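# Remarks on the overall topology
One letter stands for each residue in the lines below.
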Amino acid sequence: MSDVPPAMADFGEILRAVGDFGAFQKLLLVGLCLPNVILPFHLYSFMFTQSGSPHHCNTDWILQVSPNLTKEEQLNLTLPRNQDGSFKSCEMFVPVDWDIDSIREHGLNQTTGCRNGWVYDTSVYKATIVSDFDLVCDRANFVGVAQMVFMGGILFGSLIFGPLAESFGRKRATQIPVVLMVFFTVGTGLSPNFYVYLVTQFVVGVSYGGFRVNCIVLATEWIGVTKRSYPSCLSQIFSGVGQSILAGIAYLIRDWRIVQFIIASPVAFVVLYIWLVPESARWLLDRGKTEEAKELILRAAAINKRKIPDNILEKVTNQKNGRRGNIIDLITSPVLRKHFLIITFGWFSLNLSYYCLTLNVGHFGMDIFLTQLIFGFTDIPAHIICVWTLEALGRKISVMFTLLMGGFVCLMILAVPQDNAIAITAFATTGRFFMNWAGTICNIYVQELFPTSIRQTSTGLGAIATRIAGMLSPVLNLLAMYHWTIPTLVYSTCSLASGALCFMLPETRRKELPDSADELERKGDVKTMKKNASHATTDQHQHLKSTKL
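Residues numbered from 1 in each chain as written. Predicted model: local features only at pLDDT ≥ 70, side-chain atom pairs only at ≥ 80, totals over all residues. Heavy atoms only, no water.

Let's shift gears to the state of the cysteines. Within the structure shown, the criterion is met by 2 disulfides. The disulfide that involves Cys90 links it to Cys137, with 2.0 Å between the sulfurs. Here the disulfide of Cys90 and Cys137 is left-handed, its torsion about the S-S bond being about -100 degrees. Note that Cys90 is positioned in the loop between helix H7 (71-78) and strand E2 (91-93) and Cys137 in the loop between helix H9 (129-133) and helix H10 (142-168), a separation of 47 residues in sequence. With its disulfide-bonded cysteines labelled consecutively along the sequence, the protein chain is connected as 1-3, 2-4. The thiol of Cys33 is not disulfide-bonded; the next cysteine sulfur, from Cys215, is found 6.2 Å away. In this structure Cys33 comes out as buried when scored by relative accessible area, which is 3%. Cys494 takes part in no disulfide bond, and the closest cysteine sulfur to it belongs to Cys356, at a distance of 9.7 Å. (Disulfide = S-S within 2.5 Å. Helix = DSSP H or I, 4+ residues; strand = E, 2+ residues; numbered from the N terminus. Buried < 20%, exposed > 50% of the residue type's maximum accessible area, 1.4 Å probe, protein only.)

The next point concerns the packing of helix H12 (residues 194-220) against helix H23 (residues 452-478). Closest axis-to-axis distance for the H12/H23 pair is 10 Å, and the angle between their directions is 135 degrees. In terms of orientation, H12 and H23 fall into the oblique class. The handedness of the crossing between H12 and H23 is right-handed. Contacts between H12 and H23 pair Tyr208, Arg212, Val213, Asn214 and Val217 from the former with Arg455, Gln456, Thr459, Gly460, Ala463 and Arg467 from the latter. When its residues are assigned to classes, the contact of H12 with H23 shows 4 nonpolar, 4 polar and 3 charged. (Axes fitted to C-alpha atoms, helices over the stretch in contact; angles between N-to-C directions. Parallel < 35°, antiparallel > 145°, perpendicular 65-115°, else oblique. Left-handed = near helix turned anticlockwise from the far one by under 90°. Contact = heavy atoms within 4.5 Å. Nonpolar A, V, L, I, M, F, W, Y, C, P; charged D, E, K, R; others polar.)

Locating Arg212 in the fold gives a position in helix H12. A polar contact is formed between the side chain of Arg212 and the side chain of Asn36, at a distance of 3.3 Å. Ignoring any residue separated from it by four or fewer positions in sequence, one finds Arg212 in contact with Asn36, Leu39, Ser235, Gln236, Asn443 and Arg467. (Polar contact = N/O pair within 3.5 Å; in protein donor to acceptor, adjacent residues only side chain to side chain.)

What follows deals with the nonpolar core. By size, the foremost hydrophobic cluster in this structure holds 100 residues, and its most contacted members are Trp222, Ile308, Ile343, Val399, Phe450 and Tyr491. Broken down by element, this core gets its largest block of residues, 14 residues, from helix H22 (residues 421-449). (Core = buried A, V, L, I, M, F, W, Y, C linked by side-chain atoms within 4.5 Å.)

Enumeration according to the criterion identifies 4 cavities of 30 Å³ or more in this entry. Roughly 390 Å³ of internal volume is contained in the largest cavity. If you go around the largest cavity, you meet 29 residues; those closest to its centre are Arg212, Gln236, Asn351, Asn443 and Arg467. Put simply, the parts of the chain that give the lining of the largest cavity at least two residues each are helix H4 (39-44), H12, helix H13 (230-252), helix H19 (334-359), H22 and H23. In terms of residue count, the dominant contributor to the lining of the largest cavity is H22 (6 residues). Taken together, the residues that form the lining of the largest cavity break down as 14 nonpolar, 12 polar and 3 charged. (1 Å grid on protein atoms, 1.4 Å probe; cavity = no way out; pocket = protein on both sides within 12 Å on 5 of 7 lines; lining within 4 Å. Points joined across faces, edges and corners; volume = space filled by probe spheres on them.)

So, about the side chain of Arg170. Structurally, the position occupied by Arg170 is in helix H11 (residues 170-189). Those residues within four positions of Arg170 in sequence are excluded, and the remaining contacts are Ala165, Val217, Leu218, Glu221, Glu279, Ser280, Trp283, Thr452, Arg455 and Gln456.

Taken together, the side chains of Val30, Leu34, Phe269 and Leu272 make up a nonpolar region of the molecular surface, amounting to roughly 390 Å² of accessible area. With respect to the helices and strands, Val30 occurs in helix H3 (residues 23-33). (Patch = residues over 30% accessible without salt bridge, like charges linked within 9 Å, V, L, I, M, F, W, Y side chains within 5 Å. Areas by Shrake-Rupley, 256 points an atom, 1.4 Å probe, with all protein chains shown as cover. Salt bridge = Lys/Arg side-chain N within 4 Å of Asp/Glu carboxyl O.)

Counted by the stated rule, this structure contains 8 salt bridges. When the shortest N-O distance is used, the salt bridge between Lys88 and Glu91 registers 3.8 Å. For Arg257, the salt bridge goes to Asp132, with nearest N and O atoms at 3.3 Å. Taken together, the positions of Arg257 in helix H14 (residues 256-273) and Asp132 in helix H9 put the pair 125 residues apart, joining distant regions of the chain. Among the residues examined, Asp132 registers a relative accessible area of 35% and is labelled partly exposed. Each of Arg228, Glu391, Arg395 and Glu448 takes part in one network of salt bridges that share partners.

That is the geometry; function is a separate question.
Encoded structure:
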């Protein structure tokens, strides 16, 4: 492998000269993290806009026979009952041509499916996609399809925009998703049928995944080692604020179409300033675009009110292109391959747990709006604590602790009686707290483990695992119909296993971001040489000791 480009090897020095956390970085950080207040609206709206409402068959045919029937009389005469006395949701008595007295005297016995649609209870939600598109009875599974399509969109966005950022830059891969999100969120609210809804939600998912995977990397590459955890942690804190706001919006506005337009409004504001976001100077130098990088570095220094020494600028100007990394390095390098598989499994496990708990929010037995508010509020302290622990304990211990504790707490749900709503909600909230915390650490860790040349590709590919977890979570939750313990056992075990495997990862706290696979391999070789030298010295001492004896 060829030598690392000199300017890239010294980018930490360049960043210190510019100011590694000045006004420039703070403005960039807020601009990129602010949209994370909005992103949860798309994901968490599943619990509200896709919620099912109590329903029954439309039996207005009997009103043609007797218009003065009360609602209770109509239902008693036209709908069969379940064993518990409630009306069946998907069956009705076959309409007849009798007069009302004959119907009352003899009653109706022959049943059929709903012939004229359904009537929905609007006491909780005025309108949802379930009521607007009749996703009930034999179409009830379509709600799960909608969730999987959205998650599939996020996966596709991570897959496309991760590598796209390596070729066209972090900036473009951050801007394009925001524009797509505005148009297709509005399109979702205007959907005339379920199939148009699926298409628009898929594209919204693509934009969600594309922005999420790029905004944190772009901010991180401009920030110094001591504050490098801030982009991931701050974005998650904003996300917690967004979840809390969503609970209020869903409580006050019970029409899913209006909620979509409300979601689109703040995204439109982001579109106005997202074009001012600068490119990553690390990426520009890696691509040999030294003049553009130099211009950005000088601009950052000016905003930070710093003067860059001439010798630093000379290093940037004399930048020479080295071998560019690619996805092949991720496969062929033993160090990168091991790091990638371990961190990806951890990322997959925590997201499987997180989404299973989140999408199951309506089944914990407490008020859905209150539970969602608790979920949002607990996310905020989780990531404030995360900033401290990442610097005090490091990445490795932090990710192991959160995954192991999260898996253990989720297992504790199985020890609680199913009718104890408060205890189940408490354990679910605590488990989700640790999983969310672990997710923030993985967001940081994955960027510090891989070099600039493939950082976005590895982050994008790793994010695919998280989106697969999101797609599998509704399916895993459905397995509760066979036994209620299955989902909890599966995602808790995965979290515990991944937490143990993270012991094999290196510590990256306060270390410069690697800029090439060569650099990582050399570090690995140095460690191996030191280890071998240590073993050789020990063997030599033992040999001398035995000789003396």
